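Tertiary structure, described
Take a look at the letters that make up each chain.
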Amino acid sequence: MKKYDLIIASGATICYNKLAKDFTYIKTGGRVSTLIMPTSVDNLITSLQVTDSPYIIGGTTNSLISDKGLDGEVILTSGIKGITINNNTITANCGEMLSKVCNVAKENGLSGMEGLSGIPGTVGGAVNMNAGAYSSFISDILDSVTAYVDGKVVKLSNKECEFEYRTSGISKKNITVLSATFKLIEKNQILIANDMKMYKIKRRQSQPNDISLGSVFKKYDNVGAGYYIENCGLKGYIVGGCKVSEKHANFIINTGNATSNDYAELVNICKENVYKKFNIKLEREVKYFGEFI
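Presented here is a report on the structure given in the accompanying data block. Source: prediction; values computed, not measured. (Residues numbered from 1 in each chain as written. Predicted model: local features only at pLDDT ≥ 70, side-chain atom pairs only at ≥ 80, totals over all residues. Heavy atoms only, no water.)

**Quick word on the sheet that holds strand 15 (residues 238-239)**
The condition is simple: At least two DSSP bridges between two strands are required for those strands to pair. Strands here are runs of E lasting at least two residues and helices are runs of H or I lasting at least four, both read from the DSSP assignment and numbered beginning at the N terminus. A contact between two residues is defined here by any heavy atoms of the two lying within 4.5 Å. Between the N-to-C directions of two axes lies an angle of 0 to 180 degrees, each axis being a line fitted to C-alpha atoms and, for a helix, fitted only over the stretch in contact.
Here three strands make up an open sheet; going across it, the order is 15-16-17 and the pairing antiparallel. Because the sheet does not close on itself, it has two edges, and the strands there are strand 15 and strand 17 (252-254). With two bridges joining them, strand 15 and strand 16 (residues 242-244) adopt antiparallel strand pairing. The partner of Ile 238 across the bridge, within strand 16, is Lys 243. Taken strand by strand, helix 9 (residues 260-278) contacts strand 15, strand 16 and strand 17, and its axis lies near 25 degrees from that of strand 16.

**Details of the sheet that holds strand 7 (residues 89-93)**
The sheet built from five strands is open, its strands ordered 6-7-13-11-12 with antiparallel pairing. Where the open sheet ends on each side, the last strands, each with one partner, are strand 6 (83-86) and strand 12 (152-157). Geometrically, the sheet is characterised by an average inter-axis angle of 15 degrees between neighbouring strands, direction not taken into account. Packed onto the sheet, helix 2 (residues 41-50) meets strand 7, strand 11 (142-149), strand 12 and strand 13 (176-183) and runs at close to 145 degrees relative to strand 13.

**Here's the deal with the layout of surface pockets**
Rolling a probe over the atoms, with the probe sized like a water molecule, indicates the empty space that remains. Heads up, the rule is: Space inside and on the surface of the protein is sampled on a 1 Å grid over the protein atoms alone, with a cavity defined as a set of points where a 1.4 Å probe fits but cannot get out and a pocket as an open set with protein on both sides within 12 Å along at least 5 of 7 lines; lining residues have an atom within 4 Å of a point. Grid points are joined across faces, edges and corners, and a volume is the space filled by probe spheres set on the points. All residues other than Ala, Val, Leu, Ile, Met, Phe, Trp, Tyr, Cys, Pro, Asp, Glu, Lys and Arg, Gly among them, are scored as polar; the first ten of these are nonpolar and the last four charged.
Roughly 190 Å³ of volume is contained in the second largest pocket. Per-element accounting of the lining of the second largest pocket gives the leading share, three residues, to strand 18 (residues 287-289). Tallied by class, residues from the lining of the second largest pocket come to four nonpolar, four polar and six charged.

**Some thoughts on the nonpolar core**
Heads up, the condition is: For the purposes of this section, nonpolar cores are sets of buried Ala, Val, Leu, Ile, Met, Phe, Trp, Tyr and Cys residues that join through side-chain atoms within 4.5 Å. Three labels apply to residues, based on accessible area from a 1.4 Å probe with only protein chains included: buried if under 20% of the type maximum, exposed if over 50%, partly exposed otherwise in between.
Judged by nonpolar contacts, the single largest core of 46 residues is most densely connected at Met 113, Val 127, Ile 138, Leu 142, Val 145 and Phe 182. Put simply, the parts of the chain that give this core at least two residues each are helix 2, strand 7, helix 3 (98-107), helix 4 (123-128), helix 5 (138-141), strand 11, strand 13 and helix 7 (189-206). Top contributing element to this core by residue count: helix 3, with five residues. Leaving out residues up to four positions away in the same chain, Ile 138 has contacts with Leu 98, Leu 116, Ala 126, Val 127, Asn 130, Ala 131, Phe 163 and Phe 182. Counting 25 residues, the second-largest nonpolar core is a separate cluster that includes Leu 266, Val 274, Leu 282 and Val 286.

**Let's talk about the pattern of salt bridges**
Rule in force here: We count a salt bridge whenever a side-chain nitrogen from Lys or Arg sits within 4 Å of a carboxyl oxygen from Asp or Glu.
Taken as a whole and judged by the stated rule, the model has 10 salt bridges. For Glu 96, the salt bridge is made with Lys 100, and the minimal N-O distance between the two is 3.9 Å. Overall, Glu 96 belongs to the buried group, its relative accessible area being 4%. Classification of Lys 100 as partly exposed rests on a relative accessible area of 45%.

**Considering the environment of Tyr 165**
Note the following rule: For the purposes of these results, a polar contact is taken to be a pair of N or O atoms within 3.5 Å, where, inside protein, one atom must be able to donate a hydrogen and its partner to accept one; residues adjacent in sequence count only when each atom of the pair is a side-chain atom.
Following the sequence through the fold, Tyr 165 ends up in the loop between strand 12 and helix 6 (169-172). Owing to a relative accessible area of 33%, Tyr 165 belongs among the partly exposed residues under this scheme. As a C-alpha pair, Tyr 165 and Ala 147 span 18 residues in sequence and 21 Å in three-dimensional space. Setting aside its immediate chain neighbours within four residues, Tyr 165 contacts Phe 137, Lys 218, Lys 219 and Glu 285. Here the side chain of Tyr 165 touches Lys 219 through a polar contact of 2.9 Å, landing on its backbone nitrogen.

As structure tokens, then:
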């Protein structure tokens, strides 16, 4: 039985020569030769077992695929749903949107995820990069991760995930997250809802509502990259269909007809200008897939 037959038999879907701009959050990117879309953890494990070094991509809210496309196999995990609650813990499969998990926590009177509630993207991606907002990080509430490592399904503790600012050992070692368990505390549901509403208002006031990939660069010396970019006079700067947000300079938005090259070129312009003016090298948060100029 051929490997793709095994993947399809497991319940996953495969598309060939799919344009990345048709399924990515930023709506850019070239053709992906083989796009594998599992709908369960078992599908995902089968896909990982029979493919050779595939690209693993989740909600694509932090991913930029080259305009040249990707010749290799891409596994898109955003269809792998499932949430279970056990006392004060929530276990969510890697494809669940983090925002949905936060809402489930609220509905069950479980606190700890309020600051994360506005972050787009999936649980797998959030764990991978130790997503955070308003001084709250995934690593603060994560109890354990079920992951696929070197052909085996293993359980990793919080410590074993080796979390750092905007990265983790999971990311550095190319480990695939299957599901994550979060340990929360009981709290009045109304109080949780009020906190989530407050964070939503803060986000709306400070960040653009346009199509973007979120923060482009990590903080430098605990100062947001937007400060440096803005002080280089780059707010509103345009390359093709991409623009540095006028609301928050650490966001690059798609104005409607952007390409991945437009985005990457604007990233380089911001990086070079900040280096010239401040003599610091900003580190990119957004993950690139494929070839870029």
